[in-house]
Amino acid sequence: MTGAERGGARMVPLAEALEGYLGKTGLGDSLARLGAMEEWSGAVGPRVSEVTRPVEVRGRTLVVEVLSSAWITELTMMSGLILERVNARGTGPPIGRIRFRLAETTENLTRAAGRSHGDG
């Protein structure tokens, strides 16, 4: 008698077990929301993508680093429109909120902007 037979549990494919775990914990939705980071440049356009960089998704919140506090103010006022555009381009569960924060270093931000335009 195997351990699976004794305990009444059945063996399941790893993909099925992982899918079940991700669904129960909500991690599946979080992982699916990561696509918003890839859609960022297309959703906001070149002008905004040059001064911003999406850095993480926390639950339903997309966290974006911004070049300056002046840009944070402007983007915060436009956040409803930006959120609509990001969600319209995404295929996963919607992002519920965008949080803008000042970039720790402008070097990382400008390097990321260069990559989004095919320069890096």
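S.K.: What is the right way to look at the nonpolar core in this model?
M.R.: When a protein is soluble and globular, its nonpolar side chains tend to lie buried together. One finds Trp-40, Leu-62, Ile-82, Ile-98 and Phe-100 to be the most contacted residues of the largest nonpolar core, which totals 19 residues. Breaking this core down by element, the ones donating at least two residues are α4 (35–49), β2 (61–66), α5 (69–77), α6 (79–89) and β3 (97–102). Here this core gets five residues from one element, more than from any other, and that element is α4. Those residues in contact with Phe-100 that lie beyond four places of it in its chain are Trp-40, Val-64, Val-66, Ile-72, Leu-75, Thr-76, Ser-79 and Ile-82.

S.K.: Mind showing me how you'd approach the sheet that holds β2 here?
M.R.: By way of backbone hydrogen bonds, the strands of a sheet pair with one another, either parallel or antiparallel. Taking strand neighbours across the sheet as the criterion, the three strands line up as β1-β2-β3 in an open arrangement whose pairing is mixed. One side of each edge strand has no neighbouring strand; the edge strands of this open sheet are β1 (52–58) and β3. Direction aside, neighbouring strands of the sheet carry axes that sit 25° apart on average. Taken together, the six bridges between β2 and β3 define a ladder with parallel strand orientation. Residue Val-63 lies in a different strand from β3, and its bridge partner there is Arg-99. Taken strand by strand, α5 contacts β1, β2 and β3, and its axis lies near 165° from that of β3.

S.K.: Could you clarify how one ought to interpret α4 in this entry?
M.R.: The α-helix winds at 3.6 residues per turn, so residues separated by three or four positions along the chain end up facing the same way. Relative to the 21 Å expected for 15 residues at 1.5 Å per residue, α4 spans just 16 Å between its end C-alpha atoms, considerably shorter than the ideal helical length. The largest bend along α4 reaches roughly 75° and is located at Ala-43, with the proline Pro-46 sitting one to four residues downstream. The complete set of buried residues in α4 reads Ala-36, Trp-40, Ala-43, Val-44, Gly-45, Val-48 and Ser-49.

S.K.: Even after reading the chapter, I still don't get the side chain of Thr-61, so can you show me in this structure?
M.R.: Within the secondary structure, Thr-61 is located in strand β2. The exposure class assigned to Thr-61 is buried, which follows from its relative accessible area of 15%.

S.K.: Can you help me understand the pattern of salt bridges in this one?
M.R.: For side chains of opposite charge, pairing can occur when their charged atoms come near one another. All chains considered together, the criterion is met by six salt bridges. Arg-10 serves as the salt-bridge partner of Glu-16, at 3.1 Å between the closest nitrogen and oxygen. According to the relative accessible area criterion, Glu-16 is partly exposed, its value standing at 39%. Of the charged contacts in the structure, one is a salt bridge between Arg-101 and Glu-65, with a shortest N-O distance of 3.4 Å. Of the two residues, Arg-101 sits in strand β3 while Glu-65 sits in strand β2, which places them 36 residues apart along the sequence. Residue class for Arg-101 comes out partly exposed when judged on its relative accessible area of 21%.

Scoring rules and cut-offs
- Throughout, residues of each chain are indexed from 1 in the direction in which the sequence is written.
- Only residues with pLDDT of at least 70 get local features here, since the model is predicted, and only at 80 or more are side-chain atom pairs given and counted; chain-wide, interface and lining totals rely on the full set of residues.
- Hydrogens are left out, water is left out, and the side-chain values use all remaining heavy atoms of the structure.
- Only buried Ala, Val, Leu, Ile, Met, Phe, Trp, Tyr and Cys residues count toward a nonpolar core, and they belong to the same one when joined by side-chain atoms within 4.5 Å.
- We call a residue buried when its accessible area falls under 20% of the maximum for its residue type, exposed when it is over 50%, and partly exposed in between, using a 1.4 Å probe and counting protein chains only.
- Numbering goes from the N terminus for both helices and strands, where a helix is a DSSP run of H or I of at least four residues and a strand is a run of E of at least two.
- Here, residues are in contact when the closest pair of their heavy atoms is within 4.5 Å.
- Pairing between strands requires that DSSP locate at least two bridges from one strand to the other.
- Lines fitted to the C-alpha atoms define the axes, with helices restricted to the stretch that makes contact. Angles between their N-to-C directions range from 0 to 180 degrees.
- A helix's residues, less one, multiplied by 1.5 Å, set its expected span.
- Given a residue, its bend is the angle between the two axes fitted to the seven residues that end at it and to the seven that start from it.
- Take a side-chain nitrogen of Lys or Arg and a carboxyl oxygen of Asp or Glu: if they are within 4 Å of each other, that pair is a salt bridge.

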